[in-house]
Amino acid sequence: MFESIELPKLNDHIKSLHHFFEDNMESFLGYPCNGKFDYRPLYQFLDYPLNNVGDPFVSSNFTLNTHAVEREVINIFQNLTGADPKDTWGYCTNGGTEGNMYGLFLAREIYPKGIVYFSEETHYSVNKIIKCLNIDCVQVKATSKGEMDINHLNNLLIENKGRPAIMVCNVGTTMTGAIDDLDEIKKSLKRNGINQFYIHADAALSGMILPFVKNPQAWSFRSGVDSISVSGHKMIGSPIPCGIVLAKSKNIGHISQDVEYVGSKDTTIPGSRNAISPVFLWYQLKKLGFKGFQSMIKDCFDVSDFAIKMFKAYGFEAWRHNNSVTVVFKRPSHALIKKWQLAVKGETAHIITMPHVTKKKIVQFVKEIAEDKERQKAKKPAKKNHLRALKSVSSKQVSSL
Ligand SMILES: Cc1ncc(COP(=O)(O)O)c(C=O)c1O
């Protein structure tokens, strides 16, 4: 049983929840979700029980859908990823995980005896998906900066010669934004005579960065991948988690089935599917256009570089990969991890300079790290005095960074 609450009290609860989110957005630096968007013109669509059940490219009896908009989003992504619209297919997912699931599901249906190769820096979703799909797998070592170790991959391919290879290629790892060397992966497959292979690109964040940079690493259909998963709520930004998966049309038949109940083809992982998030994605893509995203991403790099300079000005190490907005540095105190909602792994932490992250926030954040270090040092005597460095940075250098 549960009791109803009077409307004024219910509104108070809603207000306090809203304040909680407003406060927390002020210190949201560690995760790759763009918080800068305004979808108010779309709120009217929340008045309908919309549902994108079925294949977005096949008409359905359930017409309260946004399939037409979804197809436009897919078409934009086909362009961004060098996919030929005649040979590729896709749909809007609930996020990067579902797109990874889709890619690996297709791969397993094509190569039931295949082995999945993924690096130790691969997102945890992949390991879970492999368990769900019950596929054999081997984990490949990663370099200290997070890329797949190609020598180790080569050795593993030698050990498993004769079995099809299902490659998960990281296009921006979760912790350091590293991009696995797709050209070297393909060379390694060729060197070992492995002709039966499938390459899935996990491009959760960087899939919406690389199309807008001058010199992108190899990552897309242009470089021979078979499927790509991108998160929509990451660089595009959305209040509802979402994503896009693209795959080669010729492979979809491996999982597609006709469903009389909805009068459509069942080609997606879920049955009922979110019909609002494709409209958010479409709206933001159309509102900003290619040039808008290009300039937004350039601004993000600018803030990343500013953050690195700030860290260095205080005497701390910080770095980022080429074409990445993930700034990696040494894990700070637990209190700062909590306050700034930082992602951490072992001794490493990162911030991600998404479009809502300003230089002003970076100044505040790095200063707090320096102050915190200083407090810790005050407890045990040490060589350097960061507080002195702190004063000089704040007065002389910040404005010139
Ligand atoms: C590299 C990578 N892949 C996949 C995912 C999963 O994406 P989602 O949270 O959209 O399911 C993430 C999430 O952070 C990620 O960083």
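Residues numbered from 1 in each chain as written. Predicted model: local features only at pLDDT ≥ 70, side-chain atom pairs only at ≥ 80, totals over all residues. Heavy atoms only, no water.

Asker: Would you mind going over the nonpolar core with me for this structure?
Answerer: By size, the foremost hydrophobic cluster in this structure holds 61 residues, and its most contacted members are Phe 77, Tyr 117, Leu 153, Met 167, Met 208, Met 235 and Val 325. Sorting elements by how many residues they give to this core places helix α9 (residues 277-313) first, with 10 residues. Taken domain by domain, the makeup of this core includes at least three residues from each of domain 1 (7-37 + 297-400) and domain 2 (40-286). Sequence-distant contacts of Met 208, defined by excluding residues within four places in its chain, comprise Phe 77, Leu 80, Val 230, Met 235, Ile 236, Leu 285, Phe 293 and Ile 297. (Core = buried A, V, L, I, M, F, W, Y, C linked by side-chain atoms within 4.5 Å. Buried < 20%, exposed > 50% of the residue type's maximum accessible area, 1.4 Å probe, protein only. Helix = DSSP H or I, 4+ residues; strand = E, 2+ residues; numbered from the N terminus. Domains from an automatic or database assignment. Contact = heavy atoms within 4.5 Å.)

Asker: Sorry if this is basic, but what is going on with the sheet that holds strand β13 (residues 348-352) here?
Answerer: In a beta sheet, neighbouring strands pair by backbone hydrogen bonds and run either parallel or antiparallel. On the basis of which strands lie adjacent, the open sheet formed by 4 strands has the order β10-β11-β13-β12 and antiparallel pairing. Each end of this open sheet is capped by a strand with a single partner; those strands are β10 (318-319) and β12 (343-345). Of the pairings in the sheet, the one linking β12 to β13 comprises 3 bridges and is antiparallel in character. Bridging from a neighbouring strand, Lys 345 pairs with Thr 348 of β13. Its contacts with the sheet place α9 against β10, β11 (326-330) and β13, and it is angled at close to 15 degrees to β11. (Pairing = 2+ DSSP bridges. Axes fitted to C-alpha atoms, helices over the stretch in contact; angles between N-to-C directions.)

Asker: Where do I start with the domain arrangement of the protein chain in this structure?
Answerer: Each assigned domain of the protein chain is listed here: domain 1 (7-37 + 297-400) and domain 2 (40-286). A C-alpha centroid distance of 31 Å is found between domain 1 and domain 2. On the domain 2 side, the residues contacting the 25 residues of domain 1 number 26 residues. Three residues, Ile 297, His 321 and Asn 323, lead the burial of domain 1 against domain 2; their summed loss comes to 31% of the area buried on that side. Between the two partners, domain 1 and domain 2, sit 1 salt bridge. Glu 121 is paired through a salt bridge with Lys 345; the nearest N and O atoms lie 3.0 Å apart. Where domain 1 packs against domain 2, one counts 9 residue pairs in polar contact (both at pLDDT 80 or more). Elements that contribute at least two residues to the side of domain 1 that touches domain 2 include exactly α9, β11, β12 and β13. (Buried area = accessible area lost by both parts, 1.4 Å probe. Salt bridge = Lys/Arg side-chain N within 4 Å of Asp/Glu carboxyl O. Polar contact = N/O pair within 3.5 Å; in protein donor to acceptor, adjacent residues only side chain to side chain.)

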